[in-house]
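# Structure at a glance
Listed below, chain by chain, are the residues.
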Amino acid sequence: MRPILNSQQIREADAFTIANEPISSVNLMERAASAFTQKFLELFASVPSVAVVCGVGNNGGDGLAIARMLQGEVGHIEVYVVGNLEKASEDFRVNYDRLGERLSPKIVVDESQIPEFDTSLIIDGMFGSGLSRPVEGVYAQVIERINASEAQVCAIDIPSGLFADKPTPSAGAVVEATHTISFQLPKLVFFMPSAASYVGSWHVVPIGLSEEFLLQQTTDKWQIELRDIHLPLKRRFDHKGTNGRVLLVAGSKGKMGAAILSAKAALRSGCGLLFAHVPCCGLDILQVAVPEAMVEVDEHTEIISEVLPEEQIDVIVIGPGIGTGKLTENALAQLLQKATAPMVMDADAINILAANTHLLSAVPPESVLTPHPGEFKRLVGDWKDDFEKLEKLKAFCKKYQLNMVLKGAYSAVCDTKGQITFNPTGNPGMATGGSGDVLTGVIGALIGQGMNPLEALRAGVYIHGLAGDLAAHAQGYRSMTASDIVAMLPQAINQLDKKC
Ligand SMILES: NC(=O)C1=CN([C@@H]2O[C@H](COP(=O)(O)OP(=O)(O)OC[C@H]3O[C@@H](n4cnc5c(N)ncnc54)[C@H](O)[C@@H]3O)[C@@H](O)[C@H]2O)[C@@H](O)CC1
Ligand SMILES: [K+]
């Protein structure tokens, strides 16, 4: 897993690398600028004109080095330096002197000197991880002009004005980048919905900071990587009874589709036997749509009113499409009393828990919850910003000793110790009805096959997102449906099996 470190730790990583590699600070800057330039040229092959806007710290120093490296690679280049040159960092000065006559920078110290920025692209190198207060004054005016321009904006390391690891006060100006190329590690704020319009699409480039130092750092935030996913092995003598016996409790009249999507997803994710408990009205629907499922019917026609868990069930998946009626609430409460197998609780099962929080202590050990932000809000109340939302996630998982995934772009998986891992796969096309039901089925199948709940959550969100990415590739973001995600599960799982 890739650690997500705070600004202080990143500064220390720079310093450790400089002292221990060893490498001079200015050569590390050269390496960072070169890594940025390479990625930049991949993204913007033949851009006709570029304005490089620099501050006077090391983020600005990067900007100057990048401007030098882009000479001859892109069309026209303009360089601007915003701020007082007398306060410039040492490495900024070295790169200022290296620029040469042709790229002679224009200095901006007041509003009258701010250009219109009519280039096709702006590289933002005003502030990076050294940002220590909200951006105001002439810097803010430059940022406003950048944001008002038609140009694409590519930020160096992080958009200027945005704090990497804490909320940015609304008084401060922030560059709205279309792209961000960041050094070595992603910054925590990249995973926050509220920062999306500033960060744009982001990329991380290695700059050779000491791995030894990075891995020693204490953090409770990580990014899931492909190499972290290890699917349960299929062995020669496995049989359907050893590959996970999953009980799916799902559906109500008009919402049997949720049950079908979960059931299909579980079967496509390798579960051995799928038992489904549905209301009477769902019997034919499920039998026809998912012939592999063994269906037992509730005594109620339209909703779930009682669940008697089968013996020898490895995992109970409950929630998709069940509604929150009183009878269903009672059925869930009874199930919680009797169940010994871990449970995957989604959708209306979570809504029922939120309305009856005393039930939370009855959730069997090793169970997982899979709320979207609306469901999570019902459980924990509102939050004032995305950082507080993550704190609430950690506190909830620790208090109830549950693993949870908070769904969304970069779904956040949190364990019982409050460690959070963000999932990198997935795309906006997955924000469509039924997508969550698919995830529930995938996670249930993985737990059924013996994965521990945390590993199953991490693998489940990764596979689900990857299948979503494949579906978007095949169908387009706008047209893809949850069924398309199910259809791509085999391809996603095959990709993961091949890397093993
Ligand atoms: N050797 C290193 O330390 C490396 C640093 N790198 C770059 O250096 C950046 C960090 O550089 P610095 O630490 O010099 O800091 P920045 O360049 O981010 O900021 C420069 C200075 O601006 C001042 N400042 C902070 N907030 C301000 C505000 N709101 N208004 C006005 N002034 C403000 C501070 O005094 C700060 O030190 C990274 O983001 C990265 O781009 C890379 O070159 C990699 C190597
Ligand atoms: K920047």
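Residues numbered from 1 in each chain as written. Chains lettered and ligands numbered in written order. Predicted model: local features only at pLDDT ≥ 70, side-chain atom pairs only at ≥ 80, totals over all residues.

Here the focus is the overall build of the protein. In terms of regular secondary structure, the protein is built from 16 helices and 18 strands. Whereas a compact globule of 500 residues would reach a radius of gyration of roughly 23 Å, the protein reaches 26 Å, a difference of no more than 12%. Based on the C-alpha atoms only, the size of the protein along its principal axes is roughly 85 × 45 × 45 Å. The burial tally for the protein puts 50% of its 500 residues in the buried class. The contacts in the protein between residues at least 6 apart in sequence include a share of 73% that link residues at least 24 apart. (Helix = DSSP H or I, 4+ residues; strand = E, 2+ residues; numbered from the N terminus. Rg over C-alpha atoms; globule rule 2.2 N^0.38 Å. Buried ≥ 20, exposed ≤ 12 C-beta atoms within 10 Å, placed from the backbone. Contact = placed C-beta atoms within 7 Å.)

What follows deals with the site of ligand 1. Residues in close proximity to ligand 1 total 26 residues, the closest being Gly57, Asn58, Asn59, Gly128 and Gly130. Of all the secondary-structure elements, those providing two or more residues to the shell around ligand 1 are helix H2 (25-43) and helix H3 (58-70). For the shell around ligand 1, a count of residues per class yields 11 nonpolar, 11 polar and 4 charged. (Near = placed C-beta within 6 Å. Nonpolar A, V, L, I, M, F, W, Y, C, P; charged D, E, K, R; others polar.)

By domain assignment, the protein separates into domain 1 (2-217) and domain 2 (227-499). Between the C-alpha centres of domain 1 and domain 2 the distance comes to 41 Å. In this assembly, 6 residues from domain 1 lie in contact with 7 residues from domain 2. Per-class residue counts for the side of domain 1 that touches domain 2 are 4 nonpolar, 1 polar and 1 charged. (Domains from an automatic or database assignment.)

With respect to topology, 7 strands assemble into an open sheet ordered S4-S3-S2-S5-S6-S7-S8, the strand pairing being parallel. Two strands lie at the open edges of the sheet, namely strand S4 (106-108) and strand S8 (201-205), each paired on one side alone. Pairs of neighbouring strands in the sheet enclose a mean axial angle of 20°, with direction left out of account. Two strands pair when backbone bridges link them, and strand S2 (residues 49-54) and strand S3 (residues 76-82) are joined in this way by 6 bridges, in the parallel orientation. (Pairing = 2+ DSSP bridges. Axes fitted to C-alpha atoms, helices over the stretch in contact; angles between N-to-C directions.)

All right, on to the sheet that holds strand S15 (residues 368-369) then. Pairing is mixed across the open sheet formed by 11 strands, whose spatial order is S1-S9-S18-S17-S16-S15-S14-S13-S10-S11-S12. If you trace the sheet from one side to the other, it starts and ends with strand S1 (2-3) and strand S12 (294-297), each paired once. Two elements, S15 and strand S16 (residues 403-406), share 2 bridges in a ladder whose sense is parallel. Among the inter-strand pairings, Val368 is bridged to a residue of S16, identified as Asn403. Contacting S15, S16, strand S17 (412-414) and strand S18 (420-422), helix H15 (residues 453-475) crosses the sheet at an angle of about 15° to S16.

Buried within helix H12 (residues 373-380) are the following residues: Glu375, Phe376 and Leu379. One side of H12 holds all its buried residues, which, seen down the axis, span an arc of 100°. In the core, the buried residues of H12 are packed alongside helix H11 (347-355), helix H13 (386-400) and S16. Where H12 ends, the next residue or the one after it, Gly381, has phi of about 85°, a positive value. (Arc of directions from axis to C-beta.)

A few words now on the pairing of strand S11 (residues 273-278). Remember that side chains alternate between the two faces of the sheet whenever the strand is regular. Counting buried residues in S11 gives 5 out of 6 residues, a clear majority hidden from the surface. As paired strands, strand S10 (residues 245-249) and S11 are joined by 5 bridges and run parallel to one another. Paired with Leu247 across the bridge in S11 is Phe275. Of the crossover connections in this fold, the one passing from S10 over helix H8 (residues 256-268) to the parallel S11 is right-handed. (Right-handed = clockwise from strand over helix to strand, strands pointing away.)

Here 4 bridges tie S11 to S12, and the two strands are oriented parallel to one another. Note on S12: the bridge partner recorded for Phe275 is Met294. Once the chain exits S11 it traverses helix H9 (residues 283-289) before rejoining the sheet at S12, and the crossover so formed is right-handed.

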